[in-house]
Amino acid sequence: MTEAEPGDEYEQVLDSLTAFTATQKELARAFARSARLHTTDADAIVLIIEAEQRGRPLTPARLAERVGLSPGATSILLGRLEKAGHVERVREGSDRRVVTLRSTATINAAADAFFEPLHLQLGQALGEFTTEQLALIIRAADNLRTAMETYLRDCESTPKD
């Protein structure tokens, strides 16, 4: 197999992924509306839940990086989410100085109610592909993500004029 050369198929893949990303952002806004949250608050909740599901809960500092807020603004955001009963700051593990963020059962139920029907539809959409085709899609998505992460690191390390 040869590497893909930029051409019509290359552009179609990138266009499809760009449209997919735009739709994901709209879904995040729809979840925010359904939960009566500001979009930044909903983004933070989704990031916290996803990190918990991966077994690597976020710290407030890591959440700040992920949502693009200052530490002070993130502290205010977390205060709102705690007051609303959506998030808890927890000291766990051997180093009690480290604070991790945990979602509450209430916000998890709201997220499940919103996203579960989508999860089922996505499963149906992917059900038409073979295991080998899915492996290829995963590989392509991972390669594209790695290229974007490398580009992002390069942008962040480039001195500004």
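Here we summarise the structure given alongside this text.

Conventions adopted
Residues numbered from 1 in each chain as written. Predicted model: local features only at pLDDT ≥ 70, side-chain atom pairs only at ≥ 80, totals over all residues. Heavy atoms only, no water. Helix = DSSP H or I, 4+ residues; strand = E, 2+ residues; numbered from the N terminus. Buried < 20%, exposed > 50% of the residue type's maximum accessible area, 1.4 Å probe, protein only. Phe/Tyr/Trp six-rings, centres within 6.5 Å; stacked < 30°, edge-to-face > 60°. Expected span 1.5 Å × (residues − 1). Contact = heavy atoms within 4.5 Å. Core = buried A, V, L, I, M, F, W, Y, C linked by side-chain atoms within 4.5 Å.

### Here's the deal with the overall build of the protein chain
A count of helical and extended segments in the protein chain gives six helices and two strands. Listing each helix as α and each strand as β along the protein chain from the N terminus yields α-α-α-α-β-β-α-α. The principal-axis extent of the C-alpha atoms belonging to the protein chain is close to 55 × 45 × 35 Å. Counting all 161 residues of the protein chain, 18% fall into the buried class.

### Observations concerning the packing of aromatic side chains
Applying the stated rule across the entire model yields three aromatic pairs. Between the aromatic rings of F31 and F114, the centroid separation amounts to 5.6 Å while the plane-to-plane angle is 55°, which identifies the pairing as tilted. Linking F31 in helix α1 (residues 8-34) with F114 in helix α5 (residues 105-126), this pair joins segments that are 83 residues apart in sequence. When its relative accessible area of 1% is taken as the criterion, F31 is described as buried. Between F31 and F115, the aromatic rings sit 5.2 Å apart at their centres with planes inclined by 45°, giving tilted as the arrangement. Highlighted residues: F31 in helix α1 and F115 in helix α5, separated in sequence by 84 residues.

### So, unusual backbone geometry
Of note in this structure, R36 is not a glycine but carries a positive phi near 55°. Overall, the relative accessible area of 77% leaves R36 in the exposed class.

### Considerations on helix α2 (residues 39-53)
With 15 residues, α2 ought to run about 21 Å at 1.5 Å a step, and its terminal C-alpha atoms sit 21 Å apart, in line with that. Taken together, the buried positions of α2 are occupied by D41, A42, A44, I45, L47, I48, I49, A51 and E52. Buried positions along α2 lie against α1, α3 (60-67), α4 (71-83), β1 (87-91), β2 (99-103) and α5. Downstream of α2 by a residue or two, G55 has a phi angle that is positive, lying close to 80°.

### Observations concerning the nonpolar core
Within the largest apolar cluster, 20 residues are counted, with the highest numbers of intra-cluster contacts made by I45, I48, L58, L63, L78, V87 and L101. Those elements that place two or more of their residues in this core are α1, α2, α3, α4 and α5. When residues of this core are assigned to their parent elements, the largest contribution, seven residues, is made by α2.

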